[in-house]
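Here is how the chains run, residue by residue.
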Amino acid sequence: MGRTRTQKQHIRNNGAGLHAGHERFRRKCEPVPYSEYRPELMGHATLLPAGPAEAGSYTSFTLVYTAGEFGLDDTGSIKIGFRFATDFGPVQFDDPTAPGYTTVEASNGATLEARWEFKRNIRPWSRSLYIGVMKHFLAPGDTITIRFGDRRQGSPGIRMQTFCEELFEFRVFTDVIATYDYVALPESPKISVVPGPGVDWHAVMPTLVRTGSPFKLRIKANDAWGNPSDKMSDRLHLACEQADFSGLPETVACQPGEFATTVDGLRLSEPGEAVVIVRDDAGEVLCRSNPICAIADASANALLHFWGDTHGQSNETLGTNTAREYFCFGRDRAFLDVMGHQGNDFQITGSFWKDLNGLTAELDKPGEFVCIPGYEWSANTAVGGDRNVHYRHEGETIHRSSHAQIADPTDMVDEEEDAHTAGLLFEKLKGKDCVVMAHVGGRYADITYAHDETLETAVEVHSDWGTFEWIVRDALEKGYRIGIVGNSDGHKGRPGASYPGASFFGSQGGLTCFLAPRLDRDAIFEAMRRRHHYATTGNRILLDVSIATESDAALLLTNGGQAAAETSMVRKLIMGDIARVTDERVDLSVQVVGSAPIQRLDIFRGGDLIETVRPFVAKDLGQRIRVTMEGAEYRGRARTTVWDGSLKVNGNSIRRAEMFNNWNLDWGIRSQSEEAVSWKAVTTGNTCGIDLWLEEAASGEISIETAHVSASLEIRDIGIMDTVFEAGGLDRALKLYRLPDAPHEVHLTHRMSVPVAESGDTPVFVRVSQVDGHKAWSSPIYLYR
């Protein structure tokens with residue numbers, strides 16, 4: 001970021017001031033494994049204030065490092081490390097009146113150099129403040145004082161991490177002998193990060209239940225950064241829309257210290273849909289629940305809907321909070337039915353693998369909560385890239401991509417079980433009771449490199465990292481029969497309700513809805529293997545996709561080769577099914593009940609978009625113009641596209657402007673007038689945008705300026721169809737189209753005839769887009785003749 005200058009120090013600029021030999025040595029040796037030599041002699045550190053800090057608040061910390069018995073040599077240094085996922089800060093040294101201003105000071109007047117670094121330290125301590133002694137040295141007992149968010153010259157302080165953490169650590173590493181061989185202090189300062197007051201209410205129910213079966217309504221209030229708050233004492237008023245519940249009280253009270261309010265024993269006695277409206281004492285609507293649908297089918301094989309996030313990790317690897325806290329958050333604060341844990345394999349020690357298996361066995365409760373053991377096979381993209389391995393039972397062998405960060409002899413004993421390539425992984429997993437899913441994280445899966453049709457059942461289309469429809473296209477182009485899932489790939493301790501905060505994650509985390517007759521591990525694994533699931537960007541939509549055939553179709557019950565597969569003769573297929581058909585055309589049926597008004601339904605036949613359906617027509621359009629920005633730079637880690645820009649309206653005026661899919665409070669609309677709007681925004685394969693409500697529907701001109709697109713067009717030419725401005729990169733584009741002023745339709749039903757290819761597979765799937773920016777994808781139905 002730059003250099004800092006304080007009253008007791010002089011820091012020279014990066015180009016001329018740093019000793020050349022030391023700089024060359026630093027670059028050559030970074031990163032290196034931490035030394036464990038005599039940490040008790042390396043000094044100690046204190047932090048004030050030491051109490052809890054509110055997530056996302058501005059505060060100031062003073063950390064004092066006291067040199068130990070060796071002192072701290074000339075060109076030696078210390079680092080204050082922070083975990084990979086944190087969005088603490090950022091630290092800056094240039095503007096004493098701006099957020100994040102940080103100063104460093106040696107008690108003996110030694111010259112110090114300070115740098116805020118990313119990935120210049122060994123994971124998980126990927127973010128660090130480097131402080132080097134450039135002139136003189138520190139004797140035993142001398143100190144370095146670091147003021148994070150130094151307010152003495154007008155800075156508001158430094159922003160605390162935006163997500164909660166029981167033990168947020170300022171990990172202190174020391175290089176006291178100037179060898180660039182760092183030793184961690186035996187104890188480093190720690191504080192807890194707690195939620196702020198709730199401002200964003202959520203009411204969650206199951207999506208599909210049997211009539212007469214009891215279910216729960218859970219209500220919570222998230223703070224401004226998406227953390228469930230335990231500071232609420234509101235009285236809530238509940239009302240039901242459409243079908244009537246039995247057992248729904250008129251009011252419930254939130255209890256301080258509790259993160260959610262639960263109403264148990266609810267029932268729907270008749271088939272139908274319902275939504276719960278939550279109001280405050282003044283009658284203002286706080287939120288609407290997701291839709292719930294009751295079916296009269298009491299058979300044991302009727303498929304219900306269960307929501308899961310099977311992909312995230314905890315602080316034993318690269319995430320936040322412990323594995324137990326991770327699972328408890330998903331179950332108790334995100335209200336998940338199904339969870340998995342997916343730590344980076346090269347960080348999973350033998351002892352943690354054993355503990356993790358014990359934990360999933362303990363928490364797995366058939367009928368209540370499904371907890372799945374597994375790990376992330378975290379290989380480089382060049383040899384296959386990231387895969388999620390989910391085991392049906394505990395006690396299985398972990399086949400790591402490497403032992404890169406667990407090279408201790410006690411962990412190297414099982415190195416022969418490693419699988420260094422995706423092909424070798426599939427070989428080692430052959431015959432095991434597991435499923436594999438490909439995903440896009442920091443590194444991405446290359447499913448064209450290797451794939452196993454019996455093991456690899458799905459690809460992850462959406463996560464905190466963004467939206468990745470290209471991985472679905474890759475699979476279909478190769479002829480793979482995969483399902484589509486969404487998960488968080490969360491690193492911030494909020495599985496199932498994962499928000500990106502103020503860091504490089506670009507989206508709210510996704511969810512997967514599993515279609516299964518009951519909530520237990522066997523039924524969920526059957527749903528995985530048969531691809532009976534759909535993915536969302538985090539919303540709980542009701543989606544039903546089916547195909548009817550005129551003649552009997554041979555439904556494949558396994559995907560291990562057509563000739564050997566067990567079959568069943570049917571005339572109705574659901575998402576994920578594979579079937580041999582004799583009909584030249586089949587009848588597709590789609591039913592959607594949105595968690596918000598529906599914008600469009602896109603229907604795909606393989607990689608081809610064959611039809612788009614909207615719940616409104618051109619005559620319903622009004623003065624509302626939507627500007628969307630979407631796509632990514634490329635497939636890899638630096639995929640983020642910055643869409644900061646502005647627009648102007650001539651010959652018309654802007655009555656109102658709102659941004660959607662803005663997950664970072666630092667972004668969004670920056671300025672607004674009747675003639676212009678400016679904003680900050682990013683996408684990582686996903687979509688964000690701005691809605692404009694204009695004074696007149698068809699007058700004037702709109703001009704837009706971003707780094708990737710400059711465009712002008714007449715407002716009268718903006719209609720129901722997309723006006724697209726391609727922007728290079730990966731699926732990157734800016735689009736404009738018109739919406740009704742206040743869309744309200746949450747139901748959409750569509751039927752159409754779809755032709756079946758004469759040879760090869762015909763995959764049929766849908767994508768649903770809501771007005772609030774959320775999306776959903778069904779797993780394809782695969783037809784062949």
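Above this note sits the structure.
In this report, the structure presented in the accompanying data block is examined. Owing to the predicted nature of the structure, the values given are computational and were not obtained by experimental measurement.

Rules used throughout
- Residues numbered from 1 in each chain as written.
- Predicted model: local features only at pLDDT ≥ 70, side-chain atom pairs only at ≥ 80, totals over all residues.
- Heavy atoms only, no water.
- Helix = DSSP H or I, 4+ residues; strand = E, 2+ residues; numbered from the N terminus.
- Rg over C-alpha atoms; globule rule 2.2 N^0.38 Å.
- Buried < 20%, exposed > 50% of the residue type's maximum accessible area, 1.4 Å probe, protein only.
- Contact = heavy atoms within 4.5 Å.
- Areas by Shrake-Rupley, 256 points an atom, 1.4 Å probe, with all protein chains shown as cover.
- Lys, Arg positive; Asp, Glu negative; His and termini not counted.
- Charge placed at Lys NZ, Arg CZ, Asp CG, Glu CD.
- Axes fitted to C-alpha atoms, helices over the stretch in contact; angles between N-to-C directions.
- Parallel < 35°, antiparallel > 145°, perpendicular 65-115°, else oblique.
- Left-handed = near helix turned anticlockwise from the far one by under 90°.
- Nonpolar A, V, L, I, M, F, W, Y, C, P; charged D, E, K, R; others polar.
- Core = buried A, V, L, I, M, F, W, Y, C linked by side-chain atoms within 4.5 Å.
- Patch = residues over 30% accessible without salt bridge, like charges linked within 9 Å, V, L, I, M, F, W, Y side chains within 5 Å.
- Salt bridge = Lys/Arg side-chain N within 4 Å of Asp/Glu carboxyl O.
- Polar contact = N/O pair within 3.5 Å; in protein donor to acceptor, adjacent residues only side chain to side chain.
- Phe/Tyr/Trp six-rings, centres within 6.5 Å; stacked < 30°, edge-to-face > 60°.
- Lys NZ or Arg CZ within 6 Å of the ring centre and 35° of its normal.

### Here we look at the overall build of the protein chain
Logical step 1: A tally of regular secondary structure across the protein chain gives six helices and 56 strands.
Logical step 2: Computed over C-alpha atoms, the radius of gyration of the protein chain comes to 28 Å, within 12% of the 28 Å expected from 2.2 N^0.38 for 785 residues, which places it in the range of a compact globule.
Logical step 3: Based on the C-alpha atoms only, the size of the protein chain along its principal axes is roughly 85 × 70 × 50 Å.
Logical step 4: A total of 785 residues make up the protein chain; the buried ones form 60% of that total.
Logical step 5: By sequence separation, contacts in the protein chain at least 24 residues apart represent 73% of the contacts at least 6 residues apart.
Logical step 6: Of the roughly 29,500 Å² of accessible surface on the protein chain, a fraction of 48% belongs to carbon and sulfur atoms.
Logical step 7: Separation between the mean location of the 81 positive side-chain charges and that of the 107 negative ones in the protein chain comes to 3 Å.

### Thoughts on the packing of helix 2 (residues 323–332) against helix 3 (residues 350–363)
Logical step 1: Here helix 2 crosses helix 3 at 30 degrees, and the two axes come no closer than 10 Å. With respect to helix 3, the axis of helix 2 lies roughly parallel. The hand of the helix 2/helix 3 crossing is right-handed. Packed against helix 2, whose contacting residues are A323, R324, F327 and R331, the element helix 3 presents F352, L356, L359, T360, E362 and L363 at the interface.
Logical step 2: Taken together, the residues of the contact of helix 2 with helix 3 break down into six nonpolar, one polar and three charged.

### A few points about the side chain of R218
Logical step 1: Of note, R218 is situated in strand 17 (residues 215–222).
Logical step 2: Apart from the residues lying within four places of it in its own chain, the contact partners of R218 are H202, A203, V204, T261, T262 and F335.

### Section: the nonpolar core
Logical step 1: Core analysis: the biggest nonpolar cluster contains 65 residues, and Y375, L543 and L588 have the highest contact counts within it.
Logical step 2: When residues no more than four places from it in sequence are discounted, the contact partners of L543 are H305, Y534, M575, V590, Q591, V592, V766, V768, W777 and S778.
Logical step 3: Formed by 39 residues, the second largest nonpolar core is a distinct cluster that contains M42, L47, I80 and V193.

### Some points on unusual backbone geometry
Logical step 1: In the segment running from L48 into P49, the intervening peptide bond is cis, with an omega of -5 degrees.
Logical step 2: Inspection of the secondary structure assignment puts P49 in the loop between strand 1 (43–48) and strand 2 (53–54).
Logical step 3: A cis amide bond links G89 with the next residue in sequence, P90, at an omega value of 5 degrees.
Logical step 4: Tracing the backbone through its elements, the reader meets P90 in the loop between strand 5 (77–82) and strand 6 (102–106).
Logical step 5: Located in the positive-phi region is A178, a residue other than glycine, with phi close to 60 degrees.
Logical step 6: Inspection of the secondary structure puts A178 in the loop between strand 12 (171–175) and strand 13 (183–184).
Logical step 7: A relative accessible area of 23% places A178 in the partly exposed class.
Logical step 8: The backbone of D731 shows a phi angle near 55 degrees, a positive value even though the residue is not glycine.

### Digging into a negative patch on the surface
Logical step 1: Among the surface-exposed residues, E674, E675, E695 and E696 lie close enough to one another that they form a single negatively charged patch.
Logical step 2: Turning to its location among the elements, E695 is positioned in the loop between strand 48 (687–694) and strand 49 (701–706).
Logical step 3: Residue class for E695 comes out partly exposed when judged on its relative accessible area of 45%.

### Regarding the environment of H533
Logical step 1: Relative to the helices and strands, H533 resides in strand 34 (residues 533–536).
Logical step 2: Separated by 28 residues in sequence, H533 and F505 have C-alpha atoms that sit 25 Å apart.
Logical step 3: Looking at H533, its side chain comes within polar contact range of the main-chain oxygen of I484, at 3.0 Å.

### Points about the side chain of N344
Logical step 1: Mapped onto the secondary structure, N344 falls in the loop between strand 25 (338–340) and helix 3.
Logical step 2: What makes N344 buried here is its relative accessible area of 3%.
Logical step 3: Reaching out from N344, the side chain makes a polar contact with the side chain of Q313 at a distance of 3.1 Å.
Logical step 4: Not counting residues up to four positions away in its chain, the partners in contact with N344 are R123, Q313, T317, L318, E376, S378 and R443.

### Considerations on the pattern of salt bridges
Between side chains of opposite charge, pairing is possible as soon as their charged atoms come close.
Logical step 1: One pass over the structure, following the stated rule, counts 45 salt bridges.
Logical step 2: In this structure, K430 engages D452 in a salt bridge whose closest nitrogen and oxygen atoms are separated by 2.6 Å. Of this pair, K430 sits in the loop between helix 4 (422–429) and strand 29 (434–438) while D452 sits in the loop between strand 29 and strand 30 (456–463), placing them 22 residues apart in sequence.
Logical step 3: We classify D452 as buried; its relative accessible area is 9%.
Logical step 4: A salt bridge links D620 to K619; the shortest N-O distance between them is 3.7 Å.
Logical step 5: On the accessibility criterion, D620 (34% relative accessible area) is partly exposed.
Logical step 6: One network of salt bridges, in which partners are shared, links E469, R600, D602, D722 and R767.

### So, the packing of aromatic side chains
Logical step 1: Applying the stated rule across the entire model yields 27 aromatic pairs.
Logical step 2: Here F61 and F88 contribute two aromatic rings whose centre-to-centre distance is 6.5 Å and whose plane-to-plane angle is 50 degrees, an arrangement assigned as tilted. Taken together, the residues F61 in strand 4 (residues 61–67) and F88 in the loop between strand 5 and strand 6 connect sequence positions 27 residues apart.
Logical step 3: When its relative accessible area of 1% is taken as the criterion, F61 is described as buried.
Logical step 4: Judged by its relative accessible area of 2%, F88 falls in the buried class.
Logical step 5: Taken together, the ring pairs in this structure connect F61, F82, F88, W116, F148, F168 and F170 into an aromatic cluster.
Logical step 6: Its end group placed over the ring of F369, R331 keeps NZ or CZ at 6.0 Å from the ring centre.

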